[in-house]
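Observations on chain architecture
Here's the letter readout for the chains.
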Amino acid sequence: MIVYPLWHVGHQNEAGADGSTVHVDENGVFCDESDGDDLKLLGFYSTLERVEERVRQARLLPGFRDEPECFYFDAYELDEDCWTEGFVRVPPGE
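Residues numbered from 1 in each chain as written. Predicted model: local features only at pLDDT ≥ 70, side-chain atom pairs only at ≥ 80, totals over all residues. Heavy atoms only, no water.

1. Some remarks on the layout of surface pockets
In this model, the largest pocket occupies a volume close to 280 Å³. What lines the largest pocket is simply Val29, Cys31, Glu33, Leu39, Tyr72, Trp83 and Phe87. Split by residue class, the lining of the largest pocket holds six nonpolar, no polar and one charged. (1 Å grid on protein atoms, 1.4 Å probe; cavity = no way out; pocket = protein on both sides within 12 Å on 5 of 7 lines; lining within 4 Å. Points joined across faces, edges and corners; volume = space filled by probe spheres on them. Nonpolar A, V, L, I, M, F, W, Y, C, P; charged D, E, K, R; others polar.)

Given below as structure tokens:
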């Protein structure tokens, strides 16, 4: 079964060349939680149509409407492992 987690990024980063906030880059919606971006999970949906409807609804709400292009989602197979190789922590400032 495929599921679609839907996320929104409230941007506060200073990742731009001049210290400005980056919302979208060549890879899509930009997110850097260590630089202040706030990631919100809106829900898990069973179809792309339900994702699109939820985005339409959320764009009317405070906060979300301020950054209407900052939603993203991807398809995931239910019961399939993610983060299979662990991770490392990078200290702030490195």
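Structure shown, so let's carry the discussion forward.
2. Digging into the packing of aromatic side chains
This structure, assessed with the given rule, holds three aromatic pairs. Centre to centre, the rings of Tyr4 and Phe73 are 6.5 Å apart; their planes meet at 70°, and the pair counts as edge-to-face. Note that Tyr4 is positioned in strand β1 (residues 2–10) and Phe73 in strand β5 (residues 71–73), a separation of 69 residues in sequence. Residue classification places Tyr4 among the buried positions, given a relative accessible area of 14%. Look at Phe73 and you get partly exposed, because its relative accessible area is 37%. (Phe/Tyr/Trp six-rings, centres within 6.5 Å; stacked < 30°, edge-to-face > 60°. Helix = DSSP H or I, 4+ residues; strand = E, 2+ residues; numbered from the N terminus. Buried < 20%, exposed > 50% of the residue type's maximum accessible area, 1.4 Å probe, protein only.)

3. Brief notes about the environment of Glu33
Looking at the secondary structure, you find Glu33 in the loop between β3 (28–29) and β4 (38–45). For Glu33, a relative accessible area of 53% corresponds to the exposed category. Sequence spacing of Glu33 and Pro5 is 28 residues, and the spatial spacing of their C-alpha atoms is 18 Å.

4. Focus on the state of the cysteines
A complete count under the given rule lists zero disulfides for this structure. There is no disulfide at Cys31, and the cysteine sulfur nearest it, in Cys70, is 9.9 Å away. For Cys31, a relative accessible area of 30% translates into the label partly exposed. We note that Cys82 lacks a disulfide partner, and the nearest cysteine sulfur, in Cys31, lies 17 Å from it. (Disulfide = S-S within 2.5 Å.)

Purely spatial values, then, with no claim about function.
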